[in-house]
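A look at the structure
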Amino acid sequence: TRVLKDFPYKKVTDYLSVPEGKYQVDVYPTGNHVSSLISRKINVESGKSYTVAAAGSGNKLSLQTYEDHFNVPTGLTNVRFVHLAPDAGPVDVGAKNGGNLFTNVTFRKGTEYLSVQPASADLEVKKAGTNDAVLSLPNVNLLPSTPYTIYALGLTNDEPALEGLLLVP
């Protein structure tokens, strides 16, 4: 059953409600329903929510699944980072001119949620173990009682350009 059609890069859908079970997911280029770009089985557990993302570039695409959590400690905010930039290498994520929230995050990996004080901050994605920023995320506003996921998407040396995407599930 086709779920999405002509789905563009960086587009996000609402959650789809499906019964618990295993699902075969195939991603095809627009207009081609014969040769899939990605084919993978995904296990869906009852009572859980997931984000499914295509990661990689060219013929090196894969389908990644990240479990989303909505419960946030009172008065705090939850934030995590998902690394979907294939040529960026391992990265650290933290406040500009400050400490790191996440360290040594590799391509296709997502961190656990981290509970922090709500704040507005300039964040940076840096080459792991350095202060060399590969991506600036200015004016990130993290509100109380809200879970956030910061995605790094794109390429550092090609198109589409590397950029950040902040999502609230």
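Look up a bit, the structure's there.
For the structure given in this document, a descriptive report is provided here. (Residues numbered from 1 in each chain as written. Predicted model: local features only at pLDDT ≥ 70, side-chain atom pairs only at ≥ 80, totals over all residues. Heavy atoms only, no water.)

It is worth spelling out the overall build of the protein at this point. Within the protein one finds 0 helices and 12 strands. Its helices and strands taken in sequence order, the protein reads β-β-β-β-β-β-β-β-β-β-β-β from the N to the C terminus. Here the contacts in the protein between residues at least 6 apart in sequence split such that 51% fall between residues at least 24 apart. Summing over all exposed atoms, the protein offers an accessible surface of approximately 10,200 Å²; the carbon and sulfur share of this is 49%. Positive and negative charge centroids in the protein, built from 15 and 16 side chains respectively, lie 5 Å apart. (Helix = DSSP H or I, 4+ residues; strand = E, 2+ residues; numbered from the N terminus. Contact = heavy atoms within 4.5 Å. Areas by Shrake-Rupley, 256 points an atom, 1.4 Å probe, with all protein chains shown as cover. Lys, Arg positive; Asp, Glu negative; His and termini not counted. Charge placed at Lys NZ, Arg CZ, Asp CG, Glu CD.)

Moving on, we come to the nonpolar core. By size, the foremost hydrophobic cluster in this structure holds 19 residues, and its most contacted members are F81, V125 and L137. Elements represented by at least two residues in this core include exactly β5 (77-84), β6 (91-95), β7 (100-105), β9 (119-127), β10 (133-142) and β11 (147-153). With 4 residues, β10 is the largest single contributor of residues to this core. Sequence-distant contacts of F81, that is, excluding residues within four places in its chain, are made with V91, V93, F102, V105, K109, G110, T111, V125, I150 and A152. Counting 7 residues, the second largest nonpolar core, distinct from the first, contains A53, Y66, V82 and Y151. (Core = buried A, V, L, I, M, F, W, Y, C linked by side-chain atoms within 4.5 Å. Buried < 20%, exposed > 50% of the residue type's maximum accessible area, 1.4 Å probe, protein only.)

With respect to the secondary-structure elements, P86 resides in the loop between β5 and β6. According to the relative accessible area criterion, P86 is partly exposed, its value standing at 30%. For the pair P86 and L162, spaced 76 residues apart in the sequence, the C-alpha separation amounts to 9.9 Å. Setting aside anything within four residues of it in sequence, one finds P86 in contact with G56, S57, F107, G154 and L155.

Attention now moves to the packing of aromatic side chains. Inspection of every chain in the model, using the stated rule, returns 1 aromatic pair. Consider the rings of Y15 and F70, whose centres lie 5.9 Å apart with planes at 80 degrees: the pair is edge-to-face. On the criterion of sequence distance, the pair formed by Y15 in the segment before β1 (21-27) and F70 in the loop between β4 (62-68) and β5 is long-range, its members being 55 residues apart. The partly exposed category is assigned to Y15, whose relative accessible area is 38%. Owing to a relative accessible area of 41%, F70 belongs among the partly exposed residues under this scheme. (Phe/Tyr/Trp six-rings, centres within 6.5 Å; stacked < 30°, edge-to-face > 60°.)

The subject of this paragraph is the sheet that holds β6. The strand order across the open sheet formed by 4 strands is β7-β6-β9-β10, and the pairing between neighbours is antiparallel. Looking at which strands have only one partner, the edges of the open sheet turn out to be β7 and β10. Taken over all neighbouring pairs, the strand axes of this sheet differ in orientation by 15 degrees on average, direction set aside. The sheet contact formed by β6 and β7 spans 3 bridges and is antiparallel. By the bridge assignment, V91 is partnered in β7 with V105. (Pairing = 2+ DSSP bridges. Axes fitted to C-alpha atoms, helices over the stretch in contact; angles between N-to-C directions.)

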